[in-house]
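# Coordinate inspection notes
In case you want the letters, here they are:
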Amino acid sequence: DVKVTQSSRYLVKRTGEKVFLECVQDMDHENMFWYRQDPGLGLRLIYFSYDVKMKEKGDIPEGYSVSREKKERFSLILESASTNQTSMYLCASSSRGMELFFGEGSRLTVL
Amino acid sequence: AQSVTQPDIHITVSEGASLELRCNYSYGATPYLFWYVQSPGQGLQLLLKYFSGDTLVQGIKGFEAEFKRSQSSFNLRKPSVHWSDAAEYFCAVADRTYKYIFGTGTRLKVLA
């Protein structure tokens, strides 16, 4: 069974803290993605990666960075969390030309 | 620019009734098209996909969708809804670089 695992289902952080969201996939997929999901806005792409050490900005990269040191792991970093980054974060992976496989999501609250 | 429109934010149907969720897209060529379902507190699960060929595609859980090029639509259908189908449904389009664009979702409520 394919598996995308996000390290934390729920996090509560304070404004200004550095936040790491980890995502691991066990399908040897080339592509990995981080989305943000907010009510009424659907899924918005933050960053994606087509290969190790490679990253591309999505539609809303401001305030975020990513790291992909190994093929199976894609991390999302909030350098200085702000309240407007309170959201559900979804990691996904895919092989070329195939559908996305999603993790269960990480719900982040920034106080 | 690519876009996906799901005109219905909420839909309520009775259990056993038929269902159609609308999806319209904007794309210059034939895109890859997908429907995903999200249960509360969960990630998204693929229901079905269209890449090419037969324009009527079958998916899991008894769902189907029809690609209509002339209408730029990819509507999702189910002949008889079950209470467990209550969830949020997302239509998505992907281009040849595999960048995906999602609609804003349709939340389905099922009445017993």
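A quick note: this is a predicted structure, and the numbers were derived from the prediction, not measured.

Rules used throughout
Residues numbered from 1 in each chain as written. Chains lettered and ligands numbered in written order. Predicted model: local features only at pLDDT ≥ 70, side-chain atom pairs only at ≥ 80, totals over all residues. Heavy atoms only, no water. Salt bridge = Lys/Arg side-chain N within 4 Å of Asp/Glu carboxyl O. Helix = DSSP H or I, 4+ residues; strand = E, 2+ residues; numbered from the N terminus. Buried < 20%, exposed > 50% of the residue type's maximum accessible area, 1.4 Å probe, protein only. Contact = heavy atoms within 4.5 Å. Buried area = accessible area lost by both parts, 1.4 Å probe. Polar contact = N/O pair within 3.5 Å; in protein donor to acceptor, adjacent residues only side chain to side chain. Nonpolar A, V, L, I, M, F, W, Y, C, P; charged D, E, K, R; others polar. Phe/Tyr/Trp six-rings, centres within 6.5 Å; stacked < 30°, edge-to-face > 60°. Core = buried A, V, L, I, M, F, W, Y, C linked by side-chain atoms within 4.5 Å. Pairing = 2+ DSSP bridges.

Moving on: the pattern of salt bridges. Side-chain pairs of opposite charge can arise where the charged atoms are in close proximity. Residue and element names in this part refer to chain A. Taken as a whole, this structure holds 13 salt bridges over all chains when the rule is applied. A salt bridge links Glu104 to Arg9; the shortest N-O distance between them is 3.0 Å. Of this pair, Glu104 sits in the loop between strand 11 (101–102) and strand 12 (106–110) while Arg9 sits in the loop between strand 1 (4–6) and strand 2 (10–13), and the two are 95 residues apart along the sequence. With relative accessibility at 28%, the residue Arg9 sits in the partly exposed group. The residue Arg73 makes a salt bridge to Glu22 at a minimum N-O spacing of 3.8 Å. Of the two residues, Arg73 sits in strand 9 (residues 73–78) while Glu22 sits in the loop between strand 3 (19–21) and strand 4 (23–25), which places them 51 residues apart along the sequence. For Arg73, a relative accessible area of 37% corresponds to the partly exposed category. The exposure class assigned to Glu22 is partly exposed, which follows from its relative accessible area of 22%. Within this structure, Arg36, Asp38 and Arg44 form a network of salt bridges that share partners.

This brings us to the interface of chain B and chain A. Much of the literature gives interface size as the accessible area that the parts lose upon coming together. Residue-level contacts link 19 residues of chain B with 21 residues of chain A. For the pair chain B and chain A, the summed buried surface comes to about 1700 Å²; carbon and sulfur atoms form 55% of the total. For the pair chain B and chain A, the number of links is one salt bridge. Note that Glu99 of chain A and Lys49 of chain B form a salt bridge whose closest N and O atoms lie 2.9 Å from each other. If you look at where chain B meets chain A, you find four residue pairs in polar contact (both at pLDDT 80 or more). Residue assignment for the side of chain B that touches chain A shows that the elements contributing at least two residues are strand 5 (32–38), strand 6 (44–50), strand 10 (87–94) and strand 11 (100–102) of chain B. Partitioned by chemical class, the residues of the side of chain B that touches chain A number nine nonpolar, seven polar and three charged.

Right, let's talk about the environment of Cys23 of chain B for a bit. All names here are of chain B. Looking at the secondary structure, you find Cys23 in the loop between strand 3 (19–21) and strand 4 (24–26). A residue is classified by how much of its surface remains accessible, and Cys23, at 0% relative accessible area, is buried. C-alpha separation for the pair Cys23 and Phe67, spaced 44 residues apart in sequence, amounts to 9.9 Å. Excluding its chain neighbours within four sequence positions, the residues that come into contact with Cys23 are Val4, Thr5, Trp35, Ser72, Ser73, Phe74, Asn75 and Cys91.

A word on the environment of Pro31 of chain B. Residue and element names in this part refer to chain B. In this fold, Pro31 is placed in the loop between strand 4 and strand 5. Residue Pro31 is classed as buried on the basis of its relative accessible area, which comes to 0%. In this structure, the C-alpha to C-alpha distance between Pro31 and Val93, residues 62 residues apart in sequence, is 6.3 Å.

In this section: the packing of aromatic side chains. According to the stated counting rule, one finds 18 aromatic pairs over all chains in the structure shown. Taken together, the ring pairs connect Phe33, Tyr35, Phe48, Tyr50 and Phe102 of chain A together with Tyr32, Phe34, Tyr36, Phe51, Tyr100 and Phe102 of chain B into an aromatic cluster.

Residue and element names in this part refer to chain B. Ranked by internal contacts, the top residues of the largest apolar core, which has 27 residues, are Leu19, Trp35, Leu47, Leu48, Phe74, Leu76 and Tyr89. The set of elements that each furnish at least two residues to this core consists of strand 2 (10–14), strand 3, strand 5, strand 6, strand 8 (64–68), strand 9 (73–78), strand 10 and strand 12 (106–111). The biggest single contributor to this core is strand 10, with four residues.

Along any regular strand, the residues point their side chains to alternate faces of the sheet. All names here are of chain B. When you tally the buried positions in strand 5, you get seven out of seven residues, the bulk of the element. By the alternation rule, side chains of strand 5 split into Tyr32, Phe34, Tyr36 and Gln38 and Leu33, Trp35 and Val37, which are all buried. Bridging between strand 5 and strand 10 involves seven bridges; their strand directions are antiparallel. From the neighbouring strand, Trp35 faces strand 10, where its bridge partner is Cys91. Direction of pairing for strand 5 relative to strand 6: antiparallel, over a ladder of six bridges. By the bridge assignment, Tyr36 is partnered in strand 6 with Leu46.

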